[in-house]
Amino acid sequence: MSGRSVHSILIGLVCLTIASAVCFSSVGSSDNIIMFSEGERHALLQIKQGLVDESDSLASWKGEKDCCDWRGIGCNTQTGHVTSLNISYSIESYYFFSPSEVPLRGKISPSLLDLPYLNYLDFSFVDFQGILIPKFIGSLSRLKKLRLRECNFSGPLPPQLGNLTNLHTLDLSRNDFEGNKIPKFIGSLSQLEELVLEQAYFGGHIPPQLRNLSNLHILDLSGNRNVSLENLEWLTHLSSLRYLRMWRLDFSKFLNWPQSLSKLTSLRELQLSMCNLPDVNPRSLSLINSSNSLQFLHLSYNGLNSSIFYWIANASTSFVQIDLYGNQLDGPIPDFLTSKLSLVKLDLSWNNLQGGIPKGFHKLCSLESLDLSSNKLSGNIEDSIHALYCSRNTLETLDLMHNQFWGSIPELTRFSKLRSLDFSSNNLTGSLPESIGQLSSLEELYLGGNSMSGVITESHFRNLSRLQSLVLPGNCFSCNFSSDWNPPFQLTDQLDMSSYHLGPALPKWIQTQRNLTRLFLSNTGLSGSLPDKFWDLFPRLIRLDLSMNQIHGNLPNLSTTTVRRLNLSSNLFSGEVPSFPSKLRELDLWNNMFSGTLSSLCAIPSSGIRQTYSEYLSFLDLSENQLSGELPYCWMQFQNLNSLNMGKNKFSGEIPSWLGNLKMNRILRLHENNFSGELPSLENCTGLQLVDLGNNNLSGKIPTWIGESLPRLVILRLRSNKFNGFIPLSLCNLATIHVLDLSHNNISGALPHCFSNVTALADDTGGIAPYLFSDSLNVELIWKGIEIEFWKNLAGMRSIDMSSNYLGGEIPEGIASMTELKSLNLSRNHLTGKLPEDFGNMKMLESLDLSRNHLSGDIPASFSRLHFLGVLDISHNDLSGRIPLGTQLQSFSAAAYMGNPGLCGVPLTQLCSGDGTTDNDGIMPDNATINKEDGDGGLLNLGFLISAVLGFISGFWMVCGSLLLKSSWRYAYFKFLDDSSDWINAKMAVCIPGKTAQETSKIDGISSTEGMSLITPEVKEFKA
């Protein structure tokens, strides 16, 4: 064998040995993969066992299937180890609650530790039912991203999380950490690039150790109201920060916040909404250099004035988005904004800006969204649109709602990308141009609350195939659609045609909009019954308003519908109140003909899964129907109910005690029923602002807890019941009370002397929530002797009515301190003593009734200061003396004073003793004394007559003497008379057809020529 052959054999053996080694190595490696995959697959199955999966979202986690193919699992492609676990619930399904998919809930299995190669863990939106974050998560040392958003964790963070030194992302937002401090160990996670603790209910000071996070790009501490800032020094060290979100943290003590933020030179987005930011001092901005990095600025709801514009002008040259809505900006829109050529979105809504849209806006050619709504802007709408001409190819959203723009809507066809157009609540007139139908990209059109007119036809919507919202109420349009019109659009949001005449039947074109979520057809002339299967026509409907029509019939079982807000008030619906869906939030069936009991409402189930805003009934109005029986006990489940109105029905029995468990309730109205017994305790309902139990058969004493536990009470109406006992002194604690009506009961004792404590009646600074006095709230009050229904004007009412009781004693002096009181009725009681001398301090009083008591003494002279008094009745008392002279007091009829034998003076016929002489009782409103002359009733005296004669002589010669001495004035004067006569004759000739000029020149039977003959010779001489 040759040496060459031996060499070849040796080389072959070596290659074979190497290949075998590689082969065995590969086999061994394959065995290892199988072993590790099996162990990690078992760990994942253990994790699944600890979770409740009602939607089978983890259905793929089973069988012999490779776990790397399971939902939410990611593996290393080389080693096969599980490196990623994401079983989070989709954020869209979570917040809009898809009934077909329910979030996971349960506990975290310790088997998580059997996934040692895990570097990404996301349990967001899984409900862990209030447990602490498990300590063993801190042992997953390879973790780089940990997302536990809205997992219902509580308590303090475990310090073991500080071991996760490789973390790049930590998201613990929207949990409840119960006011615990943000841990210091977070500052040791030096690799962190994203820290999100938004709305996690942390408290205390922000640890200064956060300054060590030099790699941090995103910091979000928003919504932690109890977190306080000692200083901003730590923030200036975060040199890599790009996104800073700290809305709802208190910055009020940091006057130099602009200087601190200017040191964050890499910052791209700044979110400081609702932070109580101090106003900017323009003089302090000289040391701040402009930046090229800041692009997104959100400073809404800070109460900032227009000085903030000085900082914005210098803060950046590259703004893409500026949000300043909900501040106190005033004056014109600043010109510097026209130099921010990169602006894509500008929101200045909900401020007090005046003027129009600056002409300089024609430079903003990249603008996609402009929101100037809810300001005081004005100007011609056509000129305003012209100022935006350069952005015609980019503008998608234009919102000018709630301003004072006027004129007609111009052609908008060149704004081809417009998706949302809102001109509602302005002063626009004219018709709607048909060219608006050419805006093929338009999705939202809001024109309500203007004075536009004309006819809307199918042409206005010819090419609006993408339209999702159409809101047109509050105009004078008439609709002219063919009965078989099939619109090119399929609305997916809302349709509001309120106050248009669409009836009597529901138009067929509306019935084609099956994807609507909100439908408003109030006051549209609909009558008869609803179409068959009406509730199936709109399977996605969330809000429906068919109020103020004449629709009749019974309602079907609605428990399977999607409706959340339902308003069928002021119709003719009858039958029993049906069952409604568990997501129902508002139900208004006021003023119909429903009858029977309310047991059907007990069928509203609670989901038992997760509490969302739409599952809880917050508004219920079944008033003015024919409902009867007792209120069902099951209603105590409606813990979010804040407005309950069952008035004007036929309910009976006792008011149920479970009402006291509705702690969120603000409005309780059970008036005009047949309730009896004593009033149950409502002291847990501390947010109550309106309690109306009038016109029932309630008895017992007025509870003291009303004044002790209901500090926000604005209206208390207990009239026409059978309450007895004394008025509790605790009612004086109702500092915000506007209306107190205890009339027509059996209350005895004296009036409390502590009325001066009621600050809402003593001044006009009492802060009352505006939503209480909404358009939907009406209360019947006795006003000037007549029962009147108050709506919008309820906010200005200040009234006390304690008439028709058994009250005794004197009227306390402190009552005069209620200077904002407008109506006071203490009639038909047993009050005695004199009227308070300072009664006139109640300067706003418009109605006063003290009749049918036993009051005595003089009417105080201060009564003459009651300038707004429109109704007065102090009859049938024991008052005496002269009625004080005043512009108001003498304007009432004698009936207002009758039954007081000792009273005298105008308007009574009985004269006072000593009339005809100077009398100190004759007091005018300014307390000046009037001297009266014998024989003339005190109205004229010698000085008055002399002054009148001298005044007449002076006035006569100033006019006539001038005409005698100045010929040019005399000529001009009589020329004016002639011209005026000719003008009148001409107008009458035009306006009265069929008459000649000579006939129309006659006035009261005297022709113009006859009139001239009546001019005296002296006057003719003047004309010459």
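Anything mentioned here points back to the structure above.
These notes cover the structure that comes with them.

Quick notes on the rules
- Residues numbered from 1 in each chain as written.
- Predicted model: local features only at pLDDT ≥ 70, side-chain atom pairs only at ≥ 80, totals over all residues.
- Heavy atoms only, no water.
- Helix = DSSP H or I, 4+ residues; strand = E, 2+ residues; numbered from the N terminus.
- Buried < 20%, exposed > 50% of the residue type's maximum accessible area, 1.4 Å probe, protein only.
- Disulfide = S-S within 2.5 Å.
- Pairing = 2+ DSSP bridges.
- Salt bridge = Lys/Arg side-chain N within 4 Å of Asp/Glu carboxyl O.
- Phe/Tyr/Trp six-rings, centres within 6.5 Å; stacked < 30°, edge-to-face > 60°.
- Core = buried A, V, L, I, M, F, W, Y, C linked by side-chain atoms within 4.5 Å.
- Contact = heavy atoms within 4.5 Å.

As for its position among the elements, T512 is in the loop between α6 (508–511) and β30 (518–520). Classification of T512 as partly exposed rests on a relative accessible area of 26%. Along the chain, T512 and P487 lie 25 residues apart, while their C-alpha atoms are 8.2 Å from each other.

Using the criterion set out here, one finds four disulfides in the structure. C732 shares a disulfide with C754; S-S distance 1.9 Å. The sign of the 70° torsion about the S-S bond sets the C732-C754 disulfide as right-handed. Of this pair, C732 sits in the loop between β47 (722–725) and β48 (739–741) while C754 is found in the loop between β49 (746–750) and α9 (759–762), placing the two residues 22 residues apart along the sequence.

Here we come to the sheet that holds strand β20 (residues 378–380). On the basis of which strands lie adjacent, the open sheet formed by three strands has the order β20-β22-β24 and parallel pairing. At either end of the open sheet lies a strand with only one pairing partner, and these are β20 and β24 (427–428). Strand direction decides the pairing type here: strand β22 (residues 404–407) and β24, joined by two bridges, are parallel. In the sheet register, G407 faces β24, and the bridge partner there is L428.

Moving on to the pattern of salt bridges. Counted according to the given criterion, the structure contains 17 salt bridges. A salt bridge links E38 to R41; its shortest N-O distance comes to 3.6 Å. A residue pair is termed a helical-turn pair when its members lie 3 or 4 positions apart in one helix, as E38 and R41 do in helix α1 (residues 3–49) at three residues. On the basis of relative accessible area, E38 is assigned to the partly exposed category, the value being 40%. Between R719 and D741 there is a salt bridge, with the nearest N and O atoms lying 3.1 Å from each other. Taken together, the residues R719 in the loop between β46 (715–717) and β47 and D741 in strand β48 connect sequence positions 22 residues apart. As far as burial versus exposure is concerned, R719 and D741 are alike and both buried. Salt bridges sharing common partners tie together R147, D171 and E194.

So, about the packing of aromatic side chains. The description of two aromatic rings rests on the distance between their centres and on the angle between their planes. Across all of its chains, the model carries 20 aromatic pairs by this definition. Ring geometry for F128 and F153: centres 5.1 Å apart, planes at 15°, overall stacked. Here the residue F128 occupies a position in the loop between β5 (120–122) and β6 (145–147), and F153 occupies one in the loop between β6 and β7 (169–171), the gap between them amounting to 25 residues. The same class applies to F128 and to F153, which are both buried. Seen from their ring centres, W257 and W311 are 5.1 Å apart, and the 65° between their planes marks the pair as edge-to-face. Placement of the pair is W257 in helix α3 (residues 257–261) and W311 in helix α4 (residues 308–315), with a sequence separation of 54 residues. Accessibility assignment for this pair places W257 and W311 in one class, buried. Aromatic rings pair up to connect F461, F481, W485, F489 and W509 into one cluster.

A separate point is the pairing of strand β59 (residues 878–882). Examined bridge by bridge, strand β57 (residues 854–858) and β59 share three bridges and lie parallel to one another. Bridge assignment links D858 to a residue of β59, and that residue is S880. Two elements, β59 and strand β60 (residues 902–904), share three bridges in a ladder whose sense is parallel. Counted as the bridge partner of G881 is L903 from β60.

What follows covers the nonpolar core. Core analysis: the largest hydrophobic core is formed by 243 residues, its most contacted members being L85 and L112. At the level of elements, α1, β3 (82–86), α3, α4, α5 (381–386), α6, α7 (534–537) and α8 (705–709) are the ones that each hand at least two residues to this core. Sorting elements by how many residues they give to this core places α4 first, with five residues. Contacts of L85, omitting those with residues within four sequence positions, involve L44, I47, W61, G72, I73, L112, L115, L118, Y120, L121, D122 and F123. Counting eight residues, the second-largest nonpolar core is a separate cluster that includes L690, V714, V779 and L781.

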